[in-house]
Amino acid sequence: MTATPDDRTPLIGEDDRDAAVRRLQEAYAEGHVTHEELDERLHRVLTVGTREELVSALGALPAEKPESTATIGAAAGRIKRRGAWRVPRRLKVESAMGRVRLDLSRAVFEHRLVDIELQLGTGRASITVPRNAVVDVEELVTGWKDTRYRPPRHPRPGGPTIRISGTMGFGRLRIRHARR
């Protein structure tokens, strides 16, 4: 007997697969899985076809924490954060025009992985990260000028991973590591 379309297990989509990869990366960044286990699970996640197989590949991971997200926005003017402020898991910064300055050098990080999404129209942005931070800007789309970021020659271990994504229209993003 042939299975009808209603009887077959539905295939997973790319969004489900991407979410599973992100969850594995976060579990690794938080120290819940080893590097070898991450490689094995990523291979399984990228090759499975059904939801049941995907759930099996993510088995024994800690339960997902509710996302802590904050949005900072301004239509015009300056956006500025510095000092000892608490950095959420996801930070969204929105500005139509104006200058953005985020100083994370003395900020309190509750998560080892932080996503910063920039939605900027015009104006410059400057982000200062801790000395031991790892910065990823591959998901950032710039319209007019390139991002200025030079990773340290001798990175220090143990810092947070900061992923910067989003879009910038007319302006430049400058990222630097704190000196102290």
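A short tour of the structure in this document, coming up. No experiment lies behind these values; they were computed from the predicted model shown.

**A closer look at the overall build of the chain**
Within the chain one finds three helices and 10 strands. Starting at the N terminus, the α and β elements of the chain follow one another as α-α-α-β-β-β-β-β-β-β-β-β-β. In terms of overall dimensions, the chain has a C-alpha envelope of 70 × 35 × 30 Å along the principal axes. Out of the 180 residues belonging to the chain, those deemed buried represent 34%. Here the analysis covers contacts within the chain between residues at least 6 apart in sequence; of these, 68% occur between residues at least 24 apart. About 11500 Å² of surface is accessible on the chain, with carbon and sulfur atoms providing 48% of the total. Taking the average place of the 33 positive charges on the side chains of the chain and the average place of its 25 negative ones, the gap between the two points comes to 17 Å.

**Brief notes about unusual backbone geometry**
Unusually for a residue other than glycine, Ala-60 sits at a positive phi of about 65°. Checked against the element boundaries, Ala-60 lands in the loop between α3 (51–57) and β1 (69–81).

**Let's talk about the nonpolar core**
In terms of nonpolar packing, the biggest core is built from 25 residues, with Leu-104, Leu-118, Ile-127, Ile-164 and Leu-173 touching the most fellow members. For this core, the secondary-structure elements that each account for two or more residues are β1, β3 (90–103), β5 (113–122), β6 (125–129), β7 (134–142), β9 (161–170) and β10 (173–177). Contacts of Ile-127, omitting those with residues within four sequence positions, involve Leu-102, Leu-104, Leu-118, Ile-164, Leu-173, Arg-174, Ile-175 and Arg-176. Formed by 14 residues, the second largest nonpolar core is a distinct cluster that contains Val-21, Val-33, Val-48 and Leu-54.

**What about helix α2 (residues 35–47)?**
Spanning 13 residues, α2 covers 19 Å between terminal C-alpha atoms, matching the ideal 18 Å at 1.5 Å per step. When α2 is considered as a whole, its buried residues turn out to be Leu-38, Arg-41, Leu-42 and Val-45. Here the buried residues of α2 occupy an arc of 105° about the axis, which is enough to place them on one side. Turned more than 90 degrees away from the buried face of α2 sit Glu-36, His-43 and Thr-47, all of them exposed.

**Description of the environment of Pro-88**
With respect to the helices and strands, the residue Pro-88 is situated in the loop between β2 (86–87) and β3. Looking at Pro-88, the relative accessible area reads 12%, which means it is buried.

The rules behind the values
- Every chain begins its residue count from 1, and numbering advances along the sequence as written.
- Whole-chain, interface and lining totals are the exception, using all residues; otherwise, since this is a predicted model, local features are given only for residues with pLDDT of at least 70 and side-chain atom pairs are given and counted only at 80 or more.
- Hydrogen atoms and water are omitted, and side-chain values are computed over all heavy atoms in the structure.
- For the purposes of this entry, the term helix denotes a DSSP run of H or I that reaches at least four residues, the term strand denotes a run of E that reaches at least two, and both are numbered from the N terminus.
- Accessibility here uses a 1.4 Å probe with only protein chains present; expressed as a share of the type maximum, an area under 20% marks a residue as buried, one over 50% as exposed, and anything in between as partly exposed.
- We call two residues in contact when some of their heavy atoms are within 4.5 Å.
- For the area figures, the Shrake-Rupley method with a 1.4 Å probe applies, and any residue is considered shielded solely by the protein chains shown.
- By the counting rule applied here, Lys and Arg register as positive and Asp and Glu as negative, while His and the ends of each chain are not counted.
- Working definition for charges: the position is that of NZ of Lys, CZ of Arg, CG of Asp or CD of Glu.
- Among the buried residues, those of types Ala, Val, Leu, Ile, Met, Phe, Trp, Tyr and Cys that are joined through side-chain atoms within 4.5 Å form a nonpolar core.
- To estimate the expected span of a helix, count its residues, drop one, and scale the result by 1.5 Å.
- Working definition: the arc comes from the directions between the helix axis and the C-beta atoms, pointing outward to the latter.

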